[in-house]
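Breakdown of the fold
One-letter residues, chain by chain:
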Amino acid sequence: MIYPCAVVREVTFDLLFSNMAALQKIPAFQPGLIPAYRRLYGLTGRKIRKEQILAAVPATSVQGRFKSSRSREYLQESIVPSYHFQPSMPRLPVPKLSDTCGRYLASQNPMLDSQQYTETERITKEFEAKEGAELHKELVAMNDQNKHTSYISGPWFDMYLQSRLSVVLNFNPFMSFVDDPRAGYTDQLVRATNFVVSSARFMKSLRAELLKPEIFHLGERSKSKWFEKIIRYVPSSLSWYGAYMANGYPLDMSQYKNLFNSTRIPRTGRDEIVVDDMANHLLVVRNGHMYVFDVMDADGNIKPAAELHAYLSHILSDNSPPPSHPLGYLTAENRDTWAGLRQKLEDCGNGEALKAVDSAMFCLCLDDSTAEDPDSLTRLMLHGDGANRWFDKSFSLIIDKNGKAAVNFEHAWGDGVAVLRYFNEVFDDMSISPNITPSCKPADINASEHVRKLEFKLDGALQEGIQTAKENFFALVKPLDLASLQYSKYGKNDLKKFKISPDSLMQLAIQMGYHRLTGKTAGTYESCSTAAFKHGRTETVRSCTAETRQCSLAFDKVGSANASDLRQLIQACSDKHNSLTKNAAMGQGWDRHLFALRLLAEKSGASPAIFRDPAYATINHIILSTSTLSSHAVQLGGFAPVVPNGFGIGYGIRDR
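Residues numbered from 1 in each chain as written. Predicted model: local features only at pLDDT ≥ 70, side-chain atom pairs only at ≥ 80, totals over all residues. Heavy atoms only, no water.

Naming follows an unreviewed UniProt entry, where the protein appears as Carnitine O-palmitoyltransferase 2, mitochondrial-like isoform X2 of Branchiostoma floridae. Under the heading Pathway (unreviewed entry), UniProt records this for the protein: "Lipid metabolism; fatty acid beta-oxidation." (UniProt positions renumbered as here; feature names shortened; annotations may be inferred.)

Shown next, in the form of structure tokens:
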């Protein structure tokens, strides 16, 4: 288990586990996910019988869409189109206002004393009865008029794109790859070449809709070949329901369309995301210089790995000194400042070069520096030196001198669902069938004819702007403190023996750590995907609860506490956390709903008391920002705190 955060150092894991081990066996933990999905996806309101779906399937033999001879070009060749389920995806529900207000008050309970809570409760109930009811009615009406999307999608894009803060630390997270254990495969050139080829195979599969649809499986039926052979013929308007009958739940894939050839463009007031899915070139940044080359030939076929190997070798052999004014710093600037400087770049004749950057498949950063430990790896992949980055690309693949690799991605276009799929698939493809080996030699070609080094014309104002951006970048990243902990004595499987949710115990540990540091509770955010719905983004799991507060207080007196009582408190925390997580995944949290209502109020010039309540500001001052990823390919991941006095806690829980 790897936890890059300082807080966890304060947590006595041994104490937690030893108390659990000493206690009597309790009834088996039942997460209840299947009943939750069944309730959520009940077909009430749209009666579709099994016979209707089967009737839509032609009584013909099913053949594969393509033969395996094409496998060099495609990472997958799914017979079910990638976006097959998208038209029939269920819509993100707008929670009942009464439920939202009740959940909000439950989250406020551990944060407030009795007097403060009484006042917040009064304000909330008044909101529910008056302004909130009108705003909720307006939100529901708007949602009914926009059935092609979710009620949170537009506001969530605006939240990111209207922010004028630097994307560095404030938004862009990273995920690092597990090292390749095979000798020679972590060579920077070898690993970069294999990454490029596998990435191109993934991109081509997605473009041709040959990438398997993302499905959450609650059984074996939806994983079977017969399911694929049948569901491919079910009309897209019904296909989700067909998967449901096979106990499979397709996930939203709308974010995948922004994964490649995508860039966030700075604009005054609100940025925009631009995608050019016809471009076939790659952007490479090394030593502050930018290069581009085509990964596909004129017929759209991936170029031979030996040729791509040669292109990258040519770039790595370029001994030019770093540019005096690397443009990468500009992408870390205040967005309005960067928008103005970008316009100056275009006015100076750099439009075509910028277009090549913006439309590239993705950005490959080849660093000369190395990461020796988790802390230096986090710094390198989270922000680096600023000169060898282009933070606005949908994602950047970063490879250091020793072959350690990570993805740093811009957050406005997506929440990591598509990035993690890319991350896992490309890692597996490279591991199982690498396109070059350490003994391979680059193709004997004149690579300089294929690799173009981008040159930029800079006037005095631009040079001054880049210098200021550089100074601002280092002022931004310098105060960031890092700490990591790898705890290997216990793991996920050990926790399951105690019938305790691993994630709930990790969140409890974070709460206990902060309590021991400060004696207080804090606004806590755990991200939860709502990809089960069309254009779902995320919902918040508010993991600071009355149960975690009570447990934290009890463990302060662990020497005199009864072990059985402590065990029950841990179980109560687990049960509560599982309930919150389940509700969040179903779109039944309170954060997104109140966020949408607040925006509606602001547009009309209203200012309901609930949003002026100090308690609302305090709980949304996220001191403990947390997130976890479960993947065999992820070594560690991280992000910065979202407030100056906060913690950004990325963690993973392994089987041990």
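Read on, since the account is not over.
Each helix and strand in the protein was counted, giving 22 helices and 18 strands. Taking all 656 residues of the protein together, the buried fraction comes to 55%. Looking at the protein alone, contacts between residues at least 24 apart form 81% of all its contacts between residues at least 6 apart. Surface accessibility of the protein: about 27,500 Å² in total, with carbon and sulfur atoms responsible for 51%. (Helix = DSSP H or I, 4+ residues; strand = E, 2+ residues; numbered from the N terminus. Buried < 20%, exposed > 50% of the residue type's maximum accessible area, 1.4 Å probe, protein only. Contact = heavy atoms within 4.5 Å. Areas by Shrake-Rupley, 256 points an atom, 1.4 Å probe, with all protein chains shown as cover.)

Moving on, we get to the sheet that holds strand E8 (residues 289-294). Think of a sheet as strands paired side by side through backbone hydrogen bonds, with each pair either parallel or antiparallel. Taken together, 8 strands build an open sheet; the order of strands is E12-E8-E7-E9-E10-E11-E2-E17 and the sheet is mixed. Strands with a single pairing partner mark the edges of an open sheet, and in this sheet they are strand E12 (452-453) and strand E17 (634-638). When strand E2 (residues 174-177) meets E17, the two strands line up antiparallel, connected through 4 bridges. Residue pairing across strands places Met175 opposite Gly637, the latter belonging to E17. Those strands touched by helix H11 (residues 305-316) are strand E7 (281-286), E8 and strand E9 (363-366), and its axis lies near 165° from that of E8. In the packing of helix H13 (residues 374-382) onto the sheet, contacts are made with E2, strand E10 (395-399), strand E11 (405-409) and E17, and the angle to E17 comes to roughly 65°. (Pairing = 2+ DSSP bridges. Axes fitted to C-alpha atoms, helices over the stretch in contact; angles between N-to-C directions.)

This brings us to the UniProt feature "active site" (unreviewed entry) in the protein. With numbering matched to this structure, UniProt assigns "active site" (unreviewed entry) to His411. Position of His411 among the secondary structure elements: in the loop between E11 and helix H14 (417-432). Relative accessible area serves as the criterion here: at 15%, His411 is assigned to the buried category. For His411, the residues in contact, after removing those within four places along its chain, are Tyr160, Phe171, Asn172, Pro173 and Arg537.

What follows deals with the packing of helix H4 (residues 97-108) against helix H20 (residues 591-603). The geometry of H4 relative to H20 is characterised by a closest axis approach of 9 Å and an angle of 110° between their N-to-C directions. On the basis of the axis angle, H4 is roughly perpendicular to H20. Relative to H20, H4 is oriented so that their crossing is left-handed. Seen from H4, the contacting residues are Leu97, Thr100 and Tyr104; seen from H20, they are His593, Leu594 and Leu597. Its residues assigned to classes, the contact of H4 with H20 shows 4 nonpolar, 2 polar and no charged. (Parallel < 35°, antiparallel > 145°, perpendicular 65-115°, else oblique. Left-handed = near helix turned anticlockwise from the far one by under 90°. Nonpolar A, V, L, I, M, F, W, Y, C, P; charged D, E, K, R; others polar.)

Let us look at the environment of Tyr256. Locating Tyr256 in the fold gives a position in the loop between strand E4 (248-250) and strand E5 (262-265). Judged by its relative accessible area of 1%, Tyr256 is buried. In contact with Tyr256, not counting residues within four places along its chain, are Tyr83, Leu206, Leu211, Glu214, Val417, Ala418 and Arg421.

Counting residues in hydrophobic clusters, the biggest one holds 81 residues, and the most contacted among them are Phe127, Leu283 and Met290. A total of 7 residues in this core trace back to one element, the largest contributor, which is helix H12 (residues 335-359). If you look at the next biggest cluster of nonpolar residues, it comprises 57 residues, including Tyr83, Leu189, Val295 and Met430. (Core = buried A, V, L, I, M, F, W, Y, C linked by side-chain atoms within 4.5 Å.)

Spatially, the 4 strands line up as an open sheet ordered E15-E14-E16-E18, and their pairing is mixed. Each of the sheet's edge strands pairs with one partner strand only, and the pair in question is strand E15 (538-541) and strand E18 (647-651). Neighbour-to-neighbour, the strand axes of this sheet turn through a mean angle of 25°, independent of strand direction. Pairing between strand E14 (residues 523-529) and strand E16 (residues 622-628): 4 bridges, direction parallel. Paired with Glu526 across the two strands is Thr626, which belongs to E16. Across the face of the sheet, helix H19 (residues 563-585) comes into contact with E14 and E15 while running at roughly 165° to E15. Each of E14 and E15 touches H20; the most contacted strand, E15, lies at about 115° to it.

Of the two faces of E2, both are covered, the one formed by Phe174 and Ser176 as well as the one formed by Met175 and Phe177. When E2 meets E11, the two strands line up antiparallel, connected through 3 bridges. Bridged to Met175 within E11 is Val407.

The next thing to look at is the pattern of salt bridges. A full pass over the atoms with the stated rule returns 26 salt bridges. The salt bridge partner of Asp392 is Arg335, with a shortest N-O separation of 2.9 Å. With Asp392 in the loop between H13 and E10 and Arg335 in helix H12, this pair connects stretches of sequence that are 57 residues apart. Since its relative accessible area comes to 1%, Asp392 is described here as buried. A cluster of three or more residues bridged by salt bridges with shared partners is formed by Arg164, Arg264, Asp271, Arg335, Asp336, Asp392 and Glu410. (Salt bridge = Lys/Arg side-chain N within 4 Å of Asp/Glu carboxyl O.)

The interhelical angle for the contact between helix H8 (residues 188-207) and H14, taken along N-to-C directions, is 120°, at an axis separation of 9 Å. When the interaxial angle is binned, H8 and H14 end up oblique. For the pair H8 and H14, the crossing hand works out as right-handed. Residues Arg191, Asn194, Phe195, Ser198, Ser199, Arg201 and Phe202 of H8 form the contact with H14, whose participating residues are Arg421, Tyr422, Glu425, Val426, Phe427, Asp429 and Met430. Its residues placed into classes, the contact of H8 with H14 shows 6 nonpolar, 3 polar and 5 charged.

What follows deals with the pairing of E16. Counting buried residues along E16, 5 of its 7 residues qualify, which places the element largely inside the surrounding structure. Sheet topology places E16 next to E18; 5 bridges connect them, and they run parallel. Residue Thr626 lies in a different strand from E18, and its bridge partner there is Ile649.

Right, let's get into helix H15 (residues 460-477). For H15, which comprises 18 residues, the first-to-last C-alpha distance of 26 Å matches the rise-based estimate of 26 Å (1.5 Å per residue) to within 8%. Among the residues of H15, Leu462, Gly465, Ile466, Ala469, Phe473 and Val477 are the ones counted as buried. Down the axis of H15, the smallest arc covering the buried residues is 100°, so these residues share one side. Exposed side chains of H15 directed beyond 90 degrees from the buried face belong to Glu464 and Ala475. (Expected span 1.5 Å × (residues − 1). Arc of directions from axis to C-beta.)

Here the focus is the packing of aromatic side chains. Counted by the stated rule, this structure contains 27 aromatic pairs. Geometrically, the ring pair formed by Tyr104 and Tyr616 is tilted, given 6.3 Å between the ring centres and 50° between the ring planes. Of this pair, Tyr104 sits in helix H4 while Tyr616 sits in helix H22 (residues 614-619); the two residues are 512 residues apart in sequence, bridging distant segments of the chain. Overall, the relative accessible area of 0% leaves Tyr104 in the buried class. Both rings, one in Tyr514 and one in Phe647, keep their centres 6.3 Å apart while their planes meet at 80°; by these two values the pair is edge-to-face. Here the residue Tyr514 occupies a position in helix H17 (residues 502-518), and Phe647 occupies one in strand E18, the gap between them amounting to 133 residues. Tyr514 gets classed as buried once you look at its relative accessible area, which sits at 9%. A relative accessible area of 22% places Phe647 in the partly exposed class. It is Arg182 that lies over the ring of Tyr185; its NZ or CZ is 4.0 Å from the centre. The ring of Tyr83 has Lys257 lying over it, and the distance from NZ or CZ to the ring centre is 4.7 Å. (Phe/Tyr/Trp six-rings, centres within 6.5 Å; stacked < 30°, edge-to-face > 60°. Lys NZ or Arg CZ within 6 Å of the ring centre and 35° of its normal.)

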